[in-house]
Amino acid sequence: MEKRRHIAFAGVSVAMVLLTAACGSSKDNTAGSANVQPAGGSQTVGAGASASAGAVAGAGGGYEAGGDTGAAAGAAAERTGPAKQLAVKEDAKLGKFITDSKGWTLYRFDEDTPKPAKSNCNDDCATKWPAVPADDATATTGIDSAKLGSVTRSDGTKQLTLAGWPVYRFAGDDKPGDTKGQGVGGTWNALAPDGKPAGKTAATDDSLQLMVNNNAELGKIIVDGDGMTVYRFNKDSAWPMKTGCLGACLDTWKPVKAVDTTKVAGVDAAKVTSFKRPDGTKQAAFDCWLLYTFTGDKKPGDINGQGVKGTWFAVTDKGKKAGQ
């Protein structure tokens, strides 16, 4: 009996160690040692909004018909034509949002990226969410014309952007003024005049501090709030968390500042933590690996730090070394 009690106690002790351990020691150790602290909440941005009536979230953020959602040929043509003069509408639920000159609601997709602008809605997705052509679009009162731009899609066509976000219509909207695309898949939202998602607080978009970019060469990699690629260093340690980039190394590789986990998108916010560096500053980490930007990257989307000296790698949306 005594032996069984001893074994049971040992099992509980091991379980407690596994539950409390995360990225090494949880204590504030001396400089260079781990000091893991949650950088905010553990919510994942973009979770949850359900599809509106007549449209149910499907794979790729699409929809499945809940009835007769077929539009007349003329309406379908309007949903694929130029936007012309944009207009600002307002209702009690969404607040201010943008329509085209015919009154069709315009949308944005959380899985796109604004820095650099890139559409990740193609093939079947693009049938359900027609891209708005870039030609002939003009701003109106309440929209900053300087925020209008364009992005080249994978098929070579030019798509309208607002504040860097590609602009779409929704095939499930039956008539001008419909907003059935709002909340579909938890990733589609009517477009506010400043490029943010309509019906959401201002803190959930342009203030993003970590997000995911679908890089043509490396796939899904993490970028900072300015769209700059972030990297991890083989000479760092994830368990326990330690930095191997000190002194002159920091002239080239800049630690990413600790982030608010309510301001990340495309990654598991629960894996975002912070690390106290020897100089007392706090550095962001993902899946226990410290994050850096590279001074050799000059613009959003650059990956010049990839593979440098065989020790620096862009970070995938799962925390792995990109390209490996």
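Residues numbered from 1 in each chain as written. Predicted model: local features only at pLDDT ≥ 70, side-chain atom pairs only at ≥ 80, totals over all residues. Heavy atoms only, no water.

**Some details on the overall build of the chain**
To be explicit about the condition: Numbered from the N terminus, helices here are DSSP runs of H or I no shorter than four residues, and strands are runs of E no shorter than two. Burial here depends on accessible area, computed with a 1.4 Å probe over protein chains only, as a share of the maximum for the residue type. Under 20% is buried, over 50% is exposed, and the range in between is partly exposed. Any two residues whose heavy atoms approach within 4.5 Å are treated as being in contact.
Across its full length, the chain carries four helices and 23 strands. Buried residues in the chain amount to 43% of all 324 residues. Taking contacts inside the chain between residues at least 6 apart in sequence as the whole, the part at least 24 apart equals 68%.

**Description of the nonpolar core**
Cut-off, in case you're wondering: In this text, buried Ala, Val, Leu, Ile, Met, Phe, Trp, Tyr and Cys residues form a nonpolar core when linked through side-chain atoms within 4.5 Å.
Counting residues in hydrophobic clusters, the biggest one holds 21 residues, and the most contacted among them are Tyr231, Met241, Cys245, Trp253, Tyr292 and Trp312. At the level of elements, strand E15 (231-233), strand E21 (289-290), strand E22 (292-294) and strand E23 (312-314) are the ones that each hand at least two residues to this core. In contact with Trp312, not counting residues within four places along its chain, are Tyr231, Arg232, Phe233, Cys245, Cys249, Trp253, Tyr292, Gly305, Gln306 and Gly307.

**Overview of the sheet that holds strand E10 (residues 158-162)**
This is how it is decided: In this scheme, strands are said to pair when DSSP sees at least two bridges between them.
Spatially, E9-E10-E11 is the arrangement adopted by the three strands of the open sheet, whose pairing is antiparallel. What marks the edges here is a single partner per strand, and that holds for strand E9 (148-152) and strand E11 (165-166). Note: E9 against E10, five bridges, orientation antiparallel. Across the sheet, Gly149 pairs through a bridge with Thr161, a residue of E10.

**Considering the state of the cysteines**
Going by this rule: Any pair of cysteine sulfurs within 2.5 Å is marked as a disulfide.
Scanning the entire structure with this criterion turns up two disulfides. The side chain of Cys121 participates in a disulfide bridge whose partner is Cys125; the two sulfur atoms lie 2.0 Å from each other. Note on the Cys121 and Cys125 pair: the S-S dihedral is about -110°, so by sign convention the disulfide is left-handed. Taking the relative accessible area as the measure of exposure, Cys125 reaches 11% and is therefore buried. Disulfide partner of Cys245: Cys249, at an S-S distance of 1.9 Å.

**Some points on the environment of Arg232**
Here is the rule we go by: The term polar contact refers here to a pair of N or O atoms within 3.5 Å; inside protein, the definition further demands a hydrogen-donor-capable atom paired with an acceptor-capable atom, and it admits residues adjacent in sequence only when both atoms are side-chain atoms.
Considering the arrangement of structural elements, one finds Arg232 in strand E15. Through-space distance from the C-alpha of Arg232 to that of Thr311 is 8.3 Å; in sequence the pair is 79 residues apart. A polar contact of 2.8 Å, which involves the side chain of Arg232, links it to the backbone oxygen of Gly319.

**Some thoughts on the pattern of salt bridges**
Using the following cut-off: For this analysis, a salt bridge means a side-chain nitrogen from Lys or Arg found within 4 Å of a carboxyl oxygen belonging to Asp or Glu.
Tallied over the full model, the rule gives six salt bridges. As a salt-bridge pair, Lys180 and Asp174 come within 2.7 Å of each other at their nearest N and O atoms. Assessed through its relative accessible area of 24%, Lys180 is described here as partly exposed. For Asp178, the salt bridge goes to Lys175, with nearest N and O atoms at 2.9 Å.

**Some words on unusual backbone geometry**
Following Lys115, the chain continues into Pro116 via a peptide bond in cis, with omega recorded as -5°. Residue Pro240 follows Trp239 across a cis peptide bond; omega there is -5°. Locating Pro240 in the fold gives a position in the loop between strand E16 (237-238) and strand E17 (241-242). You will see that Ala163, though not glycine, has its phi angle at about 55°, which is positive. In this structure, Ala163 sits in the loop between E10 and E11. A relative accessible area of 23% means that Ala163 is categorised as partly exposed.

**Points about the pairing of strand E4 (residues 87-91)**
Strand direction decides the pairing type here: E4 and strand E5 (residues 95-99), joined by five bridges, are antiparallel. Residue pairing across strands places Lys89 opposite Phe97, the latter belonging to E5. The turn joining E4 and E5, which pair antiparallel and follow one another in sequence, is formed by three residues.

**Remarks on the environment of Asp144**
Inspection of the secondary structure puts Asp144 in the loop between helix H3 (124-128) and E9. Residues Asp144 and Leu162, spaced 18 residues apart in sequence, show a C-alpha to C-alpha distance of 9.1 Å.

**A word on the packing of aromatic side chains**
Quick reminder of the rule: Here a pair means two rings of Phe, Tyr or Trp (six-membered ring of Trp) with centres within 6.5 Å. Their orientation is stacked below 30 degrees between planes, edge-to-face above 60, and tilted elsewhere. In this scheme, the term charge over a ring applies when either NZ of a lysine or CZ of an arginine sits within 6 Å of the ring centre and within 35 degrees of the ring normal.
Under the defined criterion, the tally for this structure stands at 12 aromatic pairs. Each ring, one from Trp129 and one from Trp188, has its centre 3.8 Å from the other, and the planes form 5°; the classification is stacked. Separated by 59 residues along the polypeptide, Trp129 in the loop between H3 and E9 and Trp188 in strand E12 (residues 188-190) bring together distant segments of the chain. Given the relative accessible area of 0%, Trp129 is considered buried. A relative accessible area of 0% places Trp188 in the buried class. Judged by centre distance (4.3 Å) and plane angle (25°), the ring pair of Trp253 and Phe294 falls under stacked. Taken together, the residues span a long stretch of sequence, with Trp253 in strand E18 (residues 253-255) and Phe294 in strand E22 at a distance of 41 residues. Trp253 gets classed as buried once you look at its relative accessible area, which sits at 5%. Among the aromatic residues, those joined into a ring-pair cluster are Tyr107, Phe109, Trp129, Tyr168, Phe170 and Trp188. The cationic tip of Arg108 hangs over the ring face of Trp165; the distance from NZ or CZ to the ring centre is 3.7 Å. It is Lys321 that lies over the ring of Phe313; its NZ or CZ is 5.1 Å from the centre.

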